[in-house]
Amino acid sequence: TQLLEQSPQFLSIQEGENLTVYCNSSSVFSSLQWYRQEPGEGPVLLVTVVTGGEVKKLKRLTFQFGDARKDSSLHITAAQTGDTGLYLCAGLDTNFGNEKLTFGTGTRLTIIP
Amino acid sequence: ETGVTQTPRHLVMGMTNKKSLKCEQHLGHNAMYWYKQSAKKPLELMFVYNFKEQTENNSVPSRFSPECPNSSHLFLHLHTLQPEDSALYLCASSHRQGNQPQHFGDGTRLSIL
């Protein structure tokens, strides 16, 4: 069973600060997705990274896929209260012709005004 | 507007009751998914339907019974549930099983008395 560990599990910081959350696995994934889930809603896709070492930017959010495609990070610059939510990474495994998306344990982020 | 609609949003039922969760998508997708989200566990994939055919049953107890009458509708029939089945049940859809981003509904919050 593949496991995606996210750290930290909980993070509470002041508005304007920077932060990084991590998504780690011992397994290799063909691609990795990041989702944000707000209270009372379902997860919403933020980005998909496909190539080892790939960096993608979405406004103040920077996503990086590890060179070995086993890990990923999400860096937020100058956090805003609207960034509050549960951040989930999800790795896609396409081995054995069976495509399967495995979700990480999640990081619950709270931005304090 | 997520494109994926789940009803009901909240459900409280006794262990001997029978109820059904409904999911509907109008995104033209061919794959639909049921997930279970508990407080202390990662998002767990339960079932996958691709072009109305069940392609994944992730060792889910038989008290959960899925039904996919067409590519736009997905049901989860519940009977004789246990207290540990209390969770948020999320439905998602994608163009096809695999790499396409998954679009989630806002979930049904299920409480078993």
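Starting from 1, residues in each chain are numbered consecutively following that chain's sequence as written. Chains and ligands are labelled by the order in which they are written, letters from A for the one and numbers from 1 for the other. Only residues with pLDDT of 70 or above have their local features reported here, since the model is predicted, and side-chain atom pairs are shown and tallied only from 80 upward, although totals for entire chains, interfaces and linings are computed over all residues. Side-chain numbers come from the whole structure's heavy atoms, not from hydrogens or water.

## Structural notes on the interface of chain B and chain A
Rule in force here: Residue contacts are defined here by distance: any two heavy atoms, one from each residue, within 4.5 Å place the two residues in contact. Note: buried area is the sum, over both parts, of the accessible area (probe 1.4 Å) each one loses when the two are combined. One speaks of a salt bridge when a side-chain nitrogen belonging to Lys or Arg is within 4 Å of a carboxyl oxygen belonging to Asp or Glu. Polar contacts, as counted here, are pairs of nitrogen or oxygen atoms within 3.5 Å of one another; within protein the pair requires one atom able to donate a hydrogen and one able to accept it, and residues that are adjacent in sequence qualify only if both atoms are side-chain atoms. Only DSSP runs of H or I covering at least 4 residues are called helices, and only runs of E covering at least 2 are called strands; the numbering of each starts at the N terminus. Each residue is assigned to one of three groups, with Ala, Val, Leu, Ile, Met, Phe, Trp, Tyr, Cys and Pro labelled nonpolar, Asp, Glu, Lys and Arg labelled charged, and all others, Gly among them, labelled polar.
Taken together, the contacts link 19 residues of chain B with 20 residues of chain A. Carbon and sulfur atoms supply 50% of the area buried between chain B and chain A, which totals about 1,500 Å² over both sides. Our count for the contact surface shared by chain B and chain A stands at zero salt bridges. For the interface between chain B and chain A, the tally reads five residue pairs in polar contact (both at pLDDT 80 or more). Those elements giving two or more residues to the side of chain B that touches chain A turn out to be β4 (31-37) and β9 (87-94) of chain B. Among the residues making up the side of chain B that touches chain A, the classes are represented as seven nonpolar, eight polar and four charged.

## Let's talk about the packing of aromatic side chains
Stated precisely, the cut-off is as follows: Any two of the Phe, Tyr and Trp rings considered here, Trp counted by its six-membered ring, make a pair once their centres fall within 6.5 Å; the pair's planes then place it as stacked at under 30 degrees, edge-to-face at over 60, or tilted in between. Relative accessible area decides the class of each residue, using a 1.4 Å probe on protein chains only: under 20% of the type maximum gives buried, over 50% gives exposed, and in between gives partly exposed.
For the coordinates displayed, the defined rule picks out eight aromatic pairs over all chains. The interplanar angle of 90 degrees and the centroid separation of 5.7 Å between the aromatic rings of A:Y35 and B:F104 together place this pair among those described as edge-to-face. Taken together, the residues span two chains, with A:Y35 in strand β4 (residues 31-37) and B:F104 in strand β10 (residues 103-104). You'll find A:Y35 and B:F104 in the same group, each marked buried. Both rings, one in A:F103 and one in B:Y35, keep their centres 5.4 Å apart while their planes meet at 85 degrees; by these two values the pair is edge-to-face.

## Let's talk about the pairing of strand β3 (residues 19-24) of chain A
All names here are of chain A. Definition in use: By the convention used here, strands pair only if DSSP detects at least 2 bridges between them.
The two faces of β3 differ: L19, V21 and C23 on one face are buried, but T20, Y22 and N24 on the other face are not. One ladder, built from three bridges, connects strand β1 (residues 5-7) with β3; its direction is antiparallel. Residue pairing for β3: Q6 is matched across the bridge by C23.

## Overview of the state of the cysteines
Residues and elements named next belong to chain A. So the rule is basically this: Two cysteine sulfurs form a disulfide in these notes if their separation is within 2.5 Å.
Under the definition given, this model contains two disulfides over all chains. Across the disulfide, C23 is cross-linked to C89 (sulfur-sulfur distance 2.1 Å). A torsion of 80 degrees about the S-S bond marks the disulfide between C23 and C89 as right-handed. Residue C23 is located in strand β3, and its partner C89 is located in strand β9 (residues 85-93); the two are separated by 66 residues in the primary sequence.

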